[in-house]
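# Descriptive structure summary
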Amino acid sequence: MPVAIPDVLRNRDFDLYWGGVILSQIGTRGAVAANLYQVYQLTGSTAQVGLVGLAQAVALLVLSPIGGIYADRLDRRRLLQVTQCVALVVSAGIAAVTLAGSATVWTVVISSLLATAAATFDQPARQALIPAMVPREQLVEAFALLNPSRELAVLVGPAFAGVLIALGGPGAVYVFDAVTYAALVVVLAMLRVPPLEVSAERRSLLESLREGVTYVRREPVVWQLMGLDLAATVFGAYRVLLPAFAAEVLHVGATGYGLLSAAPSAGALVGSVWVFRLVRTARSGRIVLWGTAAYGLAVVGLAQSRIFPVAIVMALFLGAADALATTVRHAAVQVETPDELRGRVSAIYQMCSRGGPAIGDSVIGTVAGAMGPISALTLGGLVPAVVSGVSALRSRTVREYTVAKPGPAAT
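Numbering of residues starts from 1 in each chain and follows the order in which that chain's sequence is written. Thresholds applied to this predicted model are a pLDDT of at least 70 for local features of residues and 80 or more for the giving and counting of side-chain atom pairs; totals over whole chains, interfaces and linings are not thresholded and use all residues. Working from all heavy atoms in the structure, the side-chain values ignore hydrogens and water.

One pair of aromatic rings is described through two measures. These are the centre distance and the angle between the planes. Pairing of aromatic rings covers Phe, Tyr and the six-membered ring of Trp, with a centre-to-centre limit of 6.5 Å; geometry is then stacked below 30 degrees between planes, edge-to-face above 60, and tilted otherwise. Evaluation of the coordinates by the stated rule reveals 3 aromatic pairs. Ring centres 6.4 Å apart and planes at 15° place the aromatic pair phenylalanine 14 and tryptophan 18 in the stacked group. One end of the pair is phenylalanine 14 and the other is tryptophan 18, both in helix α1 (residues 12-43) and 4 residues apart, which spans about a single turn. Classification of tryptophan 18 as partly exposed rests on a relative accessible area of 22%. Note on conventions: DSSP H or I runs of at least 4 residues are helices, E runs of at least 2 residues are strands, and numbering of each starts at the N terminus. Three exposure classes are used, based on accessible area relative to the maximum for each residue type with a 1.4 Å probe and protein chains only: buried under 20%, partly exposed in between, and exposed over 50%.

Spelled out as structure tokens, the structure:
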């Protein structure tokens with residue numbers, strides 16, 4: 001029986017964009033892996049390796065709102081091209097310094113800070129550009145393809161970086177990263193998307209940000225979806241405990257830890273395939289609620305696993321459940337937001353979806369220090385499951401919501 005091609009893949013602009021994003025994300029993930037490797041190579045200190053993550057967190061939390069504001073003020077395709085060019089220059093610069101043998105810890109950390117700063121302007125514009133390329137009824141399919149590209153990059157990027165490091169050192173990875181940015185700049189130039197209609201009225205940055213926050217607060221579907229995201233990412237932050245879990249509970253060593261770390265990404269690829277089928281037969285909101293609850297229960301199952309194969313199955317399952325919920329959340333936030341606010345709302349959502357895990361790592365890590373990894377992960381996993389259940393019982397807002405409902409796209 002022939003496999004039906006999703007309608008969104010018949011869209012020339014989306015196909016070009018999707019291919020460019022995948023390549024760019026592989027380069028970005030490879031560069032992050034090279035940053036971590038290079039700092040450890042230079043210092044031998046795991047504490048100083050943490051400076052890379054700190055630099056990324058600072059750039060993300062400080063600049064994301066500003067990136068969202070400019071995504072609503074400027075032509076999004078042009079903004080993306082500019083941010084890719086900035087990231088290209090940063091990668092080329094750290095490549096030159098590294099290949100010349102002059103790299104220090106601070107050059108690597110500063111390059112990571114600058115690359116993440118560019119990404120904070122890039123991500124809201126990337127998200128907000130999608131509705132300009134595909135019709136409303138295909139948005140879930142579009143995000144079902146775009147979201148797993150991140151998981152694919154998590155799997156492929158660091159592995160490919162390892163090969164390049166073995167062949168030419170971290171500098172070779174940075175050169176490849178610069179090439180992927182250049183490729184996306186070319187792809188963006190080939191897209192045929194209508195320009196953003198910008199209001200002639202110019203508000204201050206603070207007023208513009210307040211407008212985005214006010215919209216989120218007044219839209220129950222949007223803020224409830226963000227709340228579900230935070231419940232999962234803050235309290236179900238399992239990755240920070242995987243090293244201890246692999247070593248102290250499963251006793252599987254570095255190889256087992258690597259497989260356990262990769263399993264959620266593999267599960268997410270499967271979950272993204274399920275979305276194509278489920279979104280046609282079930283209400284989108286129920287997919288989010290069931291997916292978020294299943295994610296929490298899978299985290300509990302992982303915490304209670306004492307046999308390595310069972311832990312792998314739980315990790316695969318939590319990755320699949322997370323992909324189901326995340327895909328619909330991303331699409332719903334874009335659909336329910338007027339075009340002139342999409343950049344700012346996407347930035348706020350980015351702070352939840354990317355800032356939540358960073359906060360969760362700290363929260364769950366602290367709880368694990370007091371109670372141990374098993375108790376911390378078990379209690380944490382119960383939170384998104386309970387929040388989903390309460391949301392389903394007390395409100396119809398998310399439960400009855402459908403992304404692909406007929407009607408004109410938001411304007």
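In this section: the side chain of aspartate 177. Note that aspartate 177 resides in helix α6 (residues 170-190). Setting aside residues up to four positions removed in sequence, aspartate 177 forms contacts with Gly27, Thr28, Ala31 and Ser91. Throughout, a residue-residue contact means that at least one pair of heavy atoms, one from each residue, lies within 4.5 Å.

Now for the confidence of the model for the protein. On average, residues of the protein carry a pLDDT of 80, and 89% of them reach 70 or more. Confidence scores differ between elements of the protein, with helix α2 (residues 46-71) showing the lowest mean pLDDT of 72 and α6 the highest of 92. Confidence scores here are pLDDT values: one per residue, from the predictor, ranging 0 to 100. The low-confidence segment residues 406-411, where pLDDT is below 50, has 9 contacts with residues more than four positions distant or belonging to other chains.

With that out of the way, let us pick up the pattern of salt bridges. Pairing between side chains of opposite charge can happen when the charged atoms of each approach one another. Salt bridge criterion: a side-chain nitrogen from Lys or Arg within 4 Å of a carboxyl oxygen from Asp or Glu. Per the counting criterion, the structure on display carries 2 salt bridges. A salt bridge links aspartate 13 to arginine 12; its shortest N-O distance comes to 2.6 Å. Look at aspartate 13 and you get buried, because its relative accessible area is 9%. For arginine 12, a relative accessible area of 33% puts it in the partly exposed group. A salt bridge links aspartate 229 to arginine 329, with the nearest nitrogen and oxygen atoms 3.5 Å apart. You can see aspartate 229 sitting in helix α8 (residues 220-235) and its partner arginine 329 sitting in helix α12 (residues 308-335), a full 100 residues away along the chain. A relative accessible area of 2% means that arginine 329 is categorised as buried.

The next thing to look at is the nonpolar core. In terms of nonpolar packing, the biggest core is built from 38 residues, with Tyr17, Ile130, Met133 and Val134 touching the most fellow members. If you list the elements that add at least two residues to this core, you get α1, α3 (76-99), α4 (105-133), α5 (139-168), α6, α8, α11 (284-304) and α12. With residues up to four places along the chain from it excluded, the contact list for valine 134 reads Val8, Asn11, Phe14, Leu139 and Ala142. Counting residues in hydrophobic clusters, the runner-up holds 25 residues, among them Phe245, Ala263, Leu302 and Ala321. Take the buried Ala, Val, Leu, Ile, Met, Phe, Trp, Tyr and Cys residues and link them wherever side-chain atoms come within 4.5 Å; each set so joined is a nonpolar core.

Helix axes are fitted only over the stretch in contact, all axes being lines through C-alpha atoms; the angle between N-to-C directions runs from 0 to 180 degrees. Interhelical geometry of α3 versus α4 gives an angle of 165° and a closest axis separation of 9 Å. With respect to each other, α3 and α4 are oriented roughly antiparallel. Crossing geometry of α3 relative to α4 is assigned as left-handed. Side by side, α3 and α4 meet where Arg76, Arg77, Leu79, Leu80, Thr83, Gln84, Val86, Ala87, Val90 and Ile94 of the first sit next to Thr107, Val108, Ser111, Leu114, Ala115, Ala118, Phe121, Asp122, Ala125, Arg126, Ala128 and Leu129 of the second. Here the term charged refers only to Asp, Glu, Lys and Arg, the term nonpolar to Ala, Val, Leu, Ile, Met, Phe, Trp, Tyr, Cys and Pro, and the term polar to all other amino acids, Gly among them. Classifying every residue of the contact of α3 with α4 by side-chain character gives 14 nonpolar, 4 polar and 4 charged. When describing relative orientation, an angle under 35 degrees is termed roughly parallel and one over 145 degrees roughly antiparallel, while 65 to 115 degrees is termed roughly perpendicular and anything else oblique. The sense of a crossing depends on the near helix, which, turned anticlockwise from the far helix by less than a right angle, makes the crossing left-handed and, turned clockwise, makes it right-handed.

Attention now goes to the side chain of threonine 83. Counting through the fold element by element, threonine 83 comes out in helix α3. In contact with threonine 83, not counting residues within four places along its chain, are Ala118, Phe121 and Asp122.

Although it is not a glycine, histidine 251 adopts a positive phi angle of roughly 55°. By relative accessible area, histidine 251 is classed as exposed at 60%.

To continue, consider the environment of valine 156. Inspection of the secondary structure puts valine 156 in helix α5. In sequence terms valine 156 and glycine 30 are 126 residues apart; their C-alpha atoms lie 8.1 Å from each other.

It is at 11 Å that the axes of α1 and α4 come closest, and there the two elements cross at 160°. Relative to α4, the element α1 is oriented roughly antiparallel. In this structure, the crossing between α1 and α4 has a hand that is left-handed. The residues of α4 that touch α1, namely those facing Asp13, Phe14, Tyr17, Val21, Ser24, Gln25, Asn35, Gln38, Val39, Leu42 and Thr43, are Val105, Val108, Ser111, Ser112, Arg126, Leu129, Ile130 and Met133. Of the residues in the contact of α1 with α4, the class split is 10 nonpolar, 7 polar and 2 charged.

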